[in-house]
Structures are given as structure tokens and as C-alpha cells.
Amino acid sequence: MNYQWYPGHMTKAKRMMQEDMKLIDLVIELVDARVPMSSRNPDIDGLAKNKARMLLLNKADLADDGQNVRWTEYFEKKGFFVVKLNSRSGAGIKAVHAMIQEACKEKIERDRKRGILNRPVRAMVVGIPNVGKSTFINTFAGKACAKTGNKPGVTKGKQWIRLNKNVELLDTPGILWPKFEDQSVGLKLAMIGSIKDDILNLEELSLDLIRFLAADYCGVLKERYQCEESKEALEVLSEIARNRACRLKGDELDLNKAASILIDDFRNGRLGKITLEFPDIIE
């Protein structure tokens, strides 16, 4: 399956970000902690040159705790200020407040020397679709400022949000990049829900997820679905369909329904804490 999704509004959003970057002190980039590298838009590094950078490992509660630690160290070595975050529950939000002041310490000190006091830090919040930017902003602000939705493409325009006298946030639409050089990146983004499901073959996607889980998280499928995970991926999916009573008319197995159950269970953390990529493969 070829994974690609680049609606027209994303080109416009990228241009808009480019223009607004000159107003910005800090770029806060949200990534999905389950795929921290694949959920980074490579264009952002170019757009955010010479800006202070913060990286939020969002949905850290759904990811492998050990890998969260390793990814934090990996990005800190690259010069990012990093915070593990669960923007739904608010875990990690206090640390973000402190880290913004730390990341912009030099800018705040420069302002002070020039006699400019209490000028708020202006931060742009960026990230790919469905990574949780709007949920983060609403939790951070303590009120509903940004539209949210559990599907990509909810935020279509930009909006400034004044959090307090110290920080102003610029929310931006989620943008992907025009072409995935590595199709495994598209595969991982499809698994976490950053590409619209209605353009995907969920059955094929579930087979890739089964292969990954059987190799790297042995026992997870057996525990959740009482299936034998050493079999071929298609046989495992068929077993999940049988055990979850996924049937079509004529008693045929409904593999598409079984695939949806598996993917939904993964996305919502019902399979446990799982990370789909590891920093040692990147380094």
C-alpha cells in the first residue's frame, strides 16, 4: 500500500507558517511519542532555523516508558528542550510552562537589558495532523481555545491565543509533507491515525501491525485476543476475527471488522504501552 495524503490546504498552511516565523521566539513541536521520528515534519527544521526549539512527546501515556526516556535523551542531544506529555490528562503541562521560560531565557534577558519588561514569549505550535496540538493548547490555556477532533485536518487556519502575560501561542494547522521518501513513515502515520482511514486499506495495515507486535511486543496479541501470534499475520487476523465473533452473512469471517478492532485497540492504548520505532535504529 502506498501511503500519501497531502490536501491543498497544507501548502497554504506551510506558506503561512513561513510568513509568521519572523514574529516567533520559540517553536513548540508536538510529536506522537509512539512514533517520535516519523511524526516529525522534516520541513519544520528548515522553517524554524535560528529559533529556540521545544519538542513535546505527546501521548506519552500510550508509548513504551523505556522508549520515552531514550527518545527524550535522543532529542536533547539534538538541542531540543523536551517534555513528555499527556495533553488529555494534563500530565506534563506544568513542566511545559517552566521549559518555555528556560528555552527563551536568552531572549527574556536581552529584553530586560533593553528595558523591555513583560513582553510575552511568542510561541508557534506546530505538528502533523492528529498529533494533539489543539488538545494541548486547550489544556495548556485551561479553556477551550482551539477546535479539537480525533481525526486529522480539524484545525484549518491560524489563531493567536494569549495564555497569560508571559506567553502567547500561535496555533497552526497540522501539515504533512508532499512525499514520504520512506514508505515505512507513511505506514506508521497510518497506524496512529494521522492519515485519514477512509483512504487506507485497514486490513493490510492491520497485518503490518500484527507483524510488528509479534516481533517487538511478544505476548500482547495473545493476551488481548487469545490468539497464537507465531502464525502468519493473516492467520492471526483470522483468529482475532473468530475470537471476536466478526462474521459476515453466510458465516464468513469479517477480516475488515477484525482489522478495525485491532487498530482501534492499538490507537487507544488497550494493547498496552507500545512504541513503533526506536532511537537506536535512527542513530
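Preceding this paragraph is the structure being described.
Residues numbered from 1 in each chain as written. Predicted model: local features only at pLDDT ≥ 70, side-chain atom pairs only at ≥ 80, totals over all residues. Heavy atoms only, no water.

What follows is about unusual backbone geometry. Despite not being glycine, Gln-226 shows a phi value in the positive range, around 50°. If you trace the backbone, Gln-226 turns up in the loop between helix H9 (220-225) and helix H10 (233-243). Look at Gln-226 and you get exposed, because its relative accessible area is 54%. If you check the backbone angles, Asp-251 has positive phi at about 65° while not being a glycine. One can find Asp-251 in the loop between H10 and helix H11 (255-267). (Helix = DSSP H or I, 4+ residues; strand = E, 2+ residues; numbered from the N terminus. Buried < 20%, exposed > 50% of the residue type's maximum accessible area, 1.4 Å probe, protein only.)

Interhelical geometry of H10 versus H11 gives an angle of 90° and a closest axis separation of 9 Å. Taken together, the axes of H10 and H11 lie roughly perpendicular to each other. Taken together, the residues of H11 that come into contact with H10 (itself represented by Leu-234, Leu-237, Ser-238, Ile-240 and Ala-241) are Leu-255, Ala-258 and Ala-259. Its residues assigned to classes, the contact of H10 with H11 comprises seven nonpolar, one polar and no charged. (Axes fitted to C-alpha atoms, helices over the stretch in contact; angles between N-to-C directions. Parallel < 35°, antiparallel > 145°, perpendicular 65-115°, else oblique. Contact = heavy atoms within 4.5 Å. Nonpolar A, V, L, I, M, F, W, Y, C, P; charged D, E, K, R; others polar.)

With respect to burial, strand S2 (residues 52-58) is a largely interior element, seven of its seven residues being buried. Here S2 shows two buried faces, one formed by Ala-52, Met-54, Leu-56 and Asn-58 and the other by Arg-53, Leu-55 and Leu-57. Across four bridges, S2 lies against strand S3 (residues 81-84) in parallel orientation. Its bridge partner lying in S3, Leu-57 is registered against Lys-84. (Pairing = 2+ DSSP bridges.)

With that out of the way, let us pick up the sheet that holds strand S4 (residues 121-126). A sheet is described by the order of its strands in space; here six strands give the open sequence S3-S2-S1-S4-S6-S5, paired in mixed fashion. Single-partner strands in this sheet number two, and they are S3 and strand S5 (159-162). On average, each strand axis in the sheet is inclined to that of its neighbour by 25°, with strand direction left out of account. Pairing between S4 and strand S6 (residues 167-171): five bridges, direction parallel. Paired with Ala-123 across the bridge in S6 is Leu-169.

Here we take up helix H4 (residues 93-103). One full turn of an α-helix is made of 3.6 residues, so residues set three or four places apart face in the same direction. Here H4 has its buried residues at Ile-93, Val-96, Ile-100 and Ala-103. Buried residues of H4, seen end-on, are gathered within an arc of 75° and therefore sit on one face of the element. Of the residues in H4, the exposed ones pointing more than 90 degrees away from the buried face are Lys-94 and Ala-98. (Arc of directions from axis to C-beta.)

The next point concerns the side chain of Asn-41. Positionally, Asn-41 belongs in the loop between strand S1 (26-32) and helix H2 (43-47). Looking at Asn-41, the relative accessible area reads 2%, which means it is buried.

This next bit is on the environment of Leu-209. Checked against the element boundaries, Leu-209 lands in helix H8 (residues 202-216). Remark: the alpha-carbon pair of Leu-209 and Leu-276, spanning 67 residues in sequence, is separated by 9.2 Å. If sequence neighbours within four positions are ignored, Leu-209 has contacts with Met-191, Leu-262, Ile-263, Phe-266 and Leu-276.

In this section: the nonpolar core. Counting 65 residues, the largest nonpolar core has Leu-26, Ile-28 and Phe-136 as the members making the most contacts within it. Setting aside its immediate chain neighbours within four residues, Phe-136 contacts Ile-28, Leu-30, Leu-56, Leu-85, Ser-87, Ile-93, Val-96 and Val-125. Within the second largest apolar cluster, eleven residues are counted, among which are Val-31, Ala-33, Leu-57 and Ala-60. (Core = buried A, V, L, I, M, F, W, Y, C linked by side-chain atoms within 4.5 Å.)

Counted under the stated rule, the structure contains seven aromatic pairs. Seen from their ring centres, Trp-71 and Phe-75 are 5.6 Å apart, and the 25° between their planes marks the pair as stacked. Of this pair, Trp-71 and Phe-75 both sit in helix H3 (residues 65-77), four residues apart, roughly one helical turn. Since its relative accessible area comes to 1%, Phe-75 is described here as buried. Residues Tyr-74 and Phe-75 carry aromatic rings whose centres are separated by 5.1 Å and whose planes lie at 85° to one another, so their mutual orientation is edge-to-face. Summarising the burial analysis for this pair, Tyr-74 and Phe-75 share the class buried. Through a chain of ring-to-ring contacts, the aromatic side chains of Trp-71, Tyr-74, Phe-75 and Phe-80 assemble into a single cluster. Against the face of Trp-160 rests Arg-122, its NZ or CZ located 4.2 Å from the ring centre. (Phe/Tyr/Trp six-rings, centres within 6.5 Å; stacked < 30°, edge-to-face > 60°. Lys NZ or Arg CZ within 6 Å of the ring centre and 35° of its normal.)

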